[in-house]
Amino acid sequence: MNGQMARVAVSAGEWRQFRQAALVQGTAVSSYLARLVREELRRRGGTRVASITDDTSEVDRALLALSDVRRSIDELDRIAGRLARSTMK
């Protein structure tokens with residue numbers, strides 16, 4: 001696997017907490033960060049924003065992003081509704 005290196009712009013305290021989270025899971029920081037990157041790419045894979053290319057106009061980019069935001073709001077609304085119904089039982 002060809003690895004990529006990146007600097008992470010977080011405070012020293014945030015980095016310590018992140019390292020601790022990796023240690024608690026029994027994994028190396030690099031493996032933990034790689035997993036987070038893969039999960040983010042998987043999550044974004046089903047979005048309209050994922051279809052944006054260099055040729056996509058700014059207006060179309062904005063409309064695609066707004067469409068994804070609307071879908072996220074609808075999903076959160078459904079989750080909130082289920083949670084509210086479950087507490088009423």
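Residues numbered from 1 in each chain as written. Predicted model: local features only at pLDDT ≥ 70, side-chain atom pairs only at ≥ 80, totals over all residues. Heavy atoms only, no water.

### Describing the pattern of salt bridges
Within this structure, the stated rule accounts for 2 salt bridges. Linking arginine 35 and glutamate 39 is a salt bridge whose minimum nitrogen-to-oxygen distance equals 3.7 Å. Highlighted residues: arginine 35 and glutamate 39, both in helix H2 (residues 29-45), separated by 4 residues, approximately one helical turn. With a closest N to O distance of 2.7 Å, aspartate 74 and arginine 70 form a salt bridge. Within this pair, aspartate 74 and its partner arginine 70 are both found in helix H3 (residues 58-88), separated by 4 residues, close to a single helical turn. Note on arginine 70: relative accessible area 46%, which makes it partly exposed. (Salt bridge = Lys/Arg side-chain N within 4 Å of Asp/Glu carboxyl O. Helix = DSSP H or I, 4+ residues; strand = E, 2+ residues; numbered from the N terminus. Buried < 20%, exposed > 50% of the residue type's maximum accessible area, 1.4 Å probe, protein only.)

### What to know about the packing of aromatic side chains
Inspection of every chain in the model, using the stated rule, returns 2 aromatic pairs. Aromatic side chains tryptophan 15 and phenylalanine 18 sit 5.4 Å apart centroid to centroid with 25 degrees between the ring planes, which places their arrangement in the stacked category. On the criterion of helical spacing, the pair formed by tryptophan 15 and phenylalanine 18 is a turn pair, its members being 3 residues apart in helix H1 (residues 12-24). The exposure class of phenylalanine 18 is buried, given its relative accessible area of 16%. Ring geometry for phenylalanine 18 against tyrosine 32: centres 4.8 Å apart, planes inclined by 25 degrees, an arrangement best described as stacked. Of this pair, phenylalanine 18 sits in helix H1 while tyrosine 32 is found in helix H2, placing the two residues 14 residues apart along the sequence. Among the aromatic residues, ring-to-ring pairing joins Trp15, Phe18 and Tyr32 into one connected group. (Phe/Tyr/Trp six-rings, centres within 6.5 Å; stacked < 30°, edge-to-face > 60°.)

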